[in-house]
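Chain by chain, the residues run as shown.
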Amino acid sequence: MEIVVSGIRPTGNLHLGNYFGAIKNFVKMQEENNCYFFIADYHSLTTHPTPDNLHENVKQVLVEYLAAGLNPEKATIYIQSDLPEVCELYLLLNMNAYLGELERCTSFKEKVRKQPENINAGLLTYPTLMAADVIIHKAAKVPVGKDQEQNLEMMRTFARRFNRIYKTEYFPIPTAYNFGEALVKIPGLDGSGKMGKSEGEGNAIFLSDKPEVIRNKVKKAVTDSGPTKMNHNKSEPIENLFTLLKVVSTPDTVTHFNDLYNKCEIRYGDLKKQLAEDIINFTTPLRDKITELSANNDYLRKVVKQGADKARESASKTIKEVREIIGFKKF
Ligand code: TRP
């Protein structure tokens, strides 16, 4: 039973790539560990959402993660801003975070390049807030994707530095949660690369997409001119459609289309029809669940209250001990 912490950015709807990537692993992880999953709404303020958008986005990800299988009875699911203790630890960590090392972070440098009009201190200190998120629960593990590796390195630096400055071994140094073989890369529909919402309209299939939308997107998926007797190797766009088919269809269906492909008798239109229907079959229960949960504010309120209570229990203990270590004393 290890303590695992992961933050979820409240941006956009979940697509099949998220589902078969991170979320399926979260669902498994919560069975075997003491997991804290939170929606990183403080972090999202770096992009200046409007008050309505902020709440909408938080609700949407909460609902979709719950629909996808995060279980509030197994994991502690909370909203970051319900945990004011994290702000205090963030402040304390910032005192020992150096301008140079923060400026050198690749994600910060990228922001400087891409949005010079909004380089705020929140972006600069994004890694210290992340470190606070994790070490506030004295977590051992953080599930991180490739894009978050440097942020994990920074967490380790800040935890180690705290321990060194105060001559303590108070904070465990978090390491990456290893998913092993389980990480599946889901391709998009545009013929190359992985499914992502920033890859252009129609590339990603969202859990909340209606059947007509799914049929339309799959219909427009990139293909090629078909197999020839000379060349049986699938091109990337076709390989991608088969990868999708493998995750949503029965093995028989996959074999059926594979055989047709190998006999050069495949009709991509048929393949797409089958793929679209199987995706619809797969996402329909999720979409129904999303609709149901969205309408049930009472339940959502209960979930986040229960999560906040559990998270604060762990966080307030840490803050109390950290204050003692640092030397804040009662008169
Ligand atoms: N930065 C992460 C992302 O963009 C979200 C996040 C915030 C996070 N705090 C975290 C992830 C703590 C892991 C641990 O996806």
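Residues numbered from 1 in each chain as written. Predicted model: local features only at pLDDT ≥ 70, side-chain atom pairs only at ≥ 80, totals over all residues. Heavy atoms only, no water.

Right, let's get into the site of the ligand. Of all residues adjacent to the ligand, which total 13 residues, the nearest are Arg9, Tyr126, Met130, Asp133 and Gln148. Asp133 places a side-chain nitrogen or oxygen 2.8 Å from a nitrogen atom of the ligand. For the ligand, a nitrogen atom lies 3.1 Å from a polar atom in the side chain of Gln148. The protein chains hide 93% of the 370 Å² of surface that the ligand would expose on its own. Listed by contribution, the elements that provide at least two residues to the shell around the ligand are β1 (3-8) and α8 (126-135). Across the shell around the ligand, the residue classes break down as seven nonpolar, four polar and two charged. (Near = heavy atom within 4 Å. Polar contact = N/O pair within 3.5 Å; in protein donor to acceptor, adjacent residues only side chain to side chain. Areas by Shrake-Rupley, 256 points an atom, 1.4 Å probe, with all protein chains shown as cover. Helix = DSSP H or I, 4+ residues; strand = E, 2+ residues; numbered from the N terminus. Nonpolar A, V, L, I, M, F, W, Y, C, P; charged D, E, K, R; others polar.)

Looking at the chain, the domain boundaries give domain 1 (3-184 + 296-326) and domain 2 (197-291). Taking only C-alpha atoms, the centre of domain 1 and the centre of domain 2 are 34 Å apart. Counting residues at the interface gives 13 residues for domain 1, matched by 13 residues for domain 2. A buried area of about 1,200 Å², summed over both sides, lies between domain 1 and domain 2, and 77% of it is on carbon and sulfur atoms. (Domains from an automatic or database assignment. Contact = heavy atoms within 4.5 Å. Buried area = accessible area lost by both parts, 1.4 Å probe.)

Of note, Lys234 is situated in the loop between α10 (211-219) and α11 (236-248). A relative accessible area of 22% means that Lys234 is categorised as partly exposed. A C-alpha to C-alpha distance of 37 Å links Lys234 and Lys114, two positions 120 residues apart in sequence. If near-sequence neighbours (up to four positions away) are discounted, Lys234 is found in contact with Glu239, Phe242, Asn258 and Tyr261. A polar contact is formed between the side chain of Lys234 and the side chain of Asn258, at a distance of 2.8 Å. (Buried < 20%, exposed > 50% of the residue type's maximum accessible area, 1.4 Å probe, protein only.)

Next up on the list: unusual backbone geometry. A positive phi angle, near 50°, is found at Lys138, a position not held by glycine. Examined against the element boundaries, Lys138 turns out to sit in the loop between α8 and β4 (141-142). A relative accessible area of 28% means that Lys138 is categorised as partly exposed. The backbone phi angle of Lys167 is positive, close to 45°, even though this residue is not glycine. Tracing the chain through its elements places Lys167 in the loop between α9 (149-165) and β5 (175-176). Overall, the relative accessible area of 77% leaves Lys167 in the exposed class.

This paragraph deals with the environment of Pro49. Mapped onto the secondary structure, Pro49 falls in the loop between α2 (41-44) and α3 (51-68). For Pro49, a relative accessible area of 25% translates into the label partly exposed. On a C-alpha basis, the gap between Pro49 and His256 in space is 48 Å, while along the polypeptide they are 207 residues apart. If we skip the residues at most four places from it in the chain, Pro49 touches Ser44 and Leu54.

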